[in-house]
Amino acid sequence: MRPSAFIFLLLSLVFSHNIFQQPSVFVNGDMKLIQETCKNTKYYDLCVSSLKPNASSTKADTKGLALIMVGVGMANATATSSYLSSQLLSTTPTDPVLKKVLRECADKYGYAADALQDSVQDLATDSYDYAYMHVMGASDYPNACRNAFKRYPGLAYPSELARREDGLKHICDVVLGMIDHLSL
């Protein structure tokens, strides 16, 4: 099963279980809960703009909002890994160093998606310390990619990759703020 299909299935099970088995876990929320939750994060605008278009967010509690943001992070990490893989295919065969670094970076972003996937399971079981640890790990994998480029002085770090790195780190910061709030 593809990782994205697994996550969709897992999130569907979490949401349907909580909605049908434990109605008190999810509130009939609105934008107010989204705004209040996002105030506890480092990037309020990113948080609100990521949650607002998601139909599930208005029915979710804080944990549900965190799970939605984890899904946003997983999508970002997976898309970046795919982007790097496509760059790998378009790189000339005469540049083995760039191929090696792109492959390493694609792997690192894949690991970031895996770490975020692990945090979904942790959140579902209220294991907030482990969820926090996994999200921190996901946020750090892009540093390993940047460092791979630094190992080769003639290799420039692509601006598109820097933009994607910042995006994933900011998404992870939002999730970390939500987890902090949940663990109070």
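In the block above lies the structure referred to throughout.
Being a predicted model, the structure only gives us computed values, none of them experimental. (Residues numbered from 1 in each chain as written. Predicted model: local features only at pLDDT ≥ 70, side-chain atom pairs only at ≥ 80, totals over all residues. Heavy atoms only, no water.)

**Comments concerning unusual backbone geometry**
For step 1, the next point in the chain: Residues other than glycine seldom take positive phi values, yet D126 does so here, at roughly 60°.
For step 2, the next point in the chain: Locating D126 in the fold gives a position in the loop between α5 (96–124) and α6 (128–150). (Helix = DSSP H or I, 4+ residues; strand = E, 2+ residues; numbered from the N terminus.)

**A word on the packing of α6 against helix α7 (residues 159–182)**
The geometry of a pair of packed helices is captured by two quantities: the angle between their axes and the separation between those axes.
For step 1, the next point in the chain: Closest axis-to-axis distance for the α6/α7 pair is 9 Å, and the angle between their directions is 165°. Here α6 lies roughly antiparallel to α7, going by the angle between them. Both α6 and α7 take part in a crossing whose hand is left-handed. From α6, Y128, A131, Y132, V135, M136, A138, S139, P142, N143, C145, R146 and F149 reach across to α7, where they touch L161, A162, E165, L168, K169, C172, V175, L176, I179, D180 and L182.
For step 2, the next point in the chain: Partitioning the contact of α6 with α7 into residue classes produces 17 nonpolar, two polar and four charged. (Axes fitted to C-alpha atoms, helices over the stretch in contact; angles between N-to-C directions. Parallel < 35°, antiparallel > 145°, perpendicular 65-115°, else oblique. Left-handed = near helix turned anticlockwise from the far one by under 90°. Contact = heavy atoms within 4.5 Å. Nonpolar A, V, L, I, M, F, W, Y, C, P; charged D, E, K, R; others polar.)

**So, the packing of aromatic side chains**
For step 1, the next point in the chain: Evaluated as defined, the whole model comprises two aromatic pairs.
For step 2, the next point in the chain: Their ring planes at 55° and their centres at 5.7 Å tell us that Y111 and Y141 sit as a pair that is tilted. Of this pair, Y111 sits in helix α5 while Y141 sits in helix α6, placing them 30 residues apart in sequence.
For step 3, the next point in the chain: A relative accessible area of 38% places Y111 in the partly exposed class.
For step 4, the next point in the chain: With a relative accessible area of 28%, Y141 lands in the partly exposed category.
For step 5, the next point in the chain: Summarising the aromatic geometry, the rings of F149 and Y157 are spaced 5.3 Å apart at their centres and angled 80° between planes, so their arrangement reads as edge-to-face. Of the two residues, F149 and Y157, both sit in the buried class.
For step 6, the next point in the chain: Here the guanidinium or amino end of R164 rests over the ring plane of Y83, the centre of that ring lying 4.2 Å away. (Phe/Tyr/Trp six-rings, centres within 6.5 Å; stacked < 30°, edge-to-face > 60°. Buried < 20%, exposed > 50% of the residue type's maximum accessible area, 1.4 Å probe, protein only. Lys NZ or Arg CZ within 6 Å of the ring centre and 35° of its normal.)

**Here we look at the environment of T41**
For step 1, the next point in the chain: Of note, T41 is situated in the loop between α2 (31–38) and α3 (44–51).
For step 2, the next point in the chain: Residue classification places T41 among the buried residues on the basis of a relative accessible area of 11%.
For step 3, the next point in the chain: The sequence separation of T41 and H170 amounts to 129 residues, and the corresponding C-alpha distance is 9.8 Å.
For step 4, the next point in the chain: The residues touching T41, leaving out its near neighbours within four places in the chain, are C47, V174, G177 and M178.
For step 5, the next point in the chain: A polar contact is formed between the side chain of T41 and the backbone oxygen of C38, at a distance of 2.7 Å. (Polar contact = N/O pair within 3.5 Å; in protein donor to acceptor, adjacent residues only side chain to side chain.)

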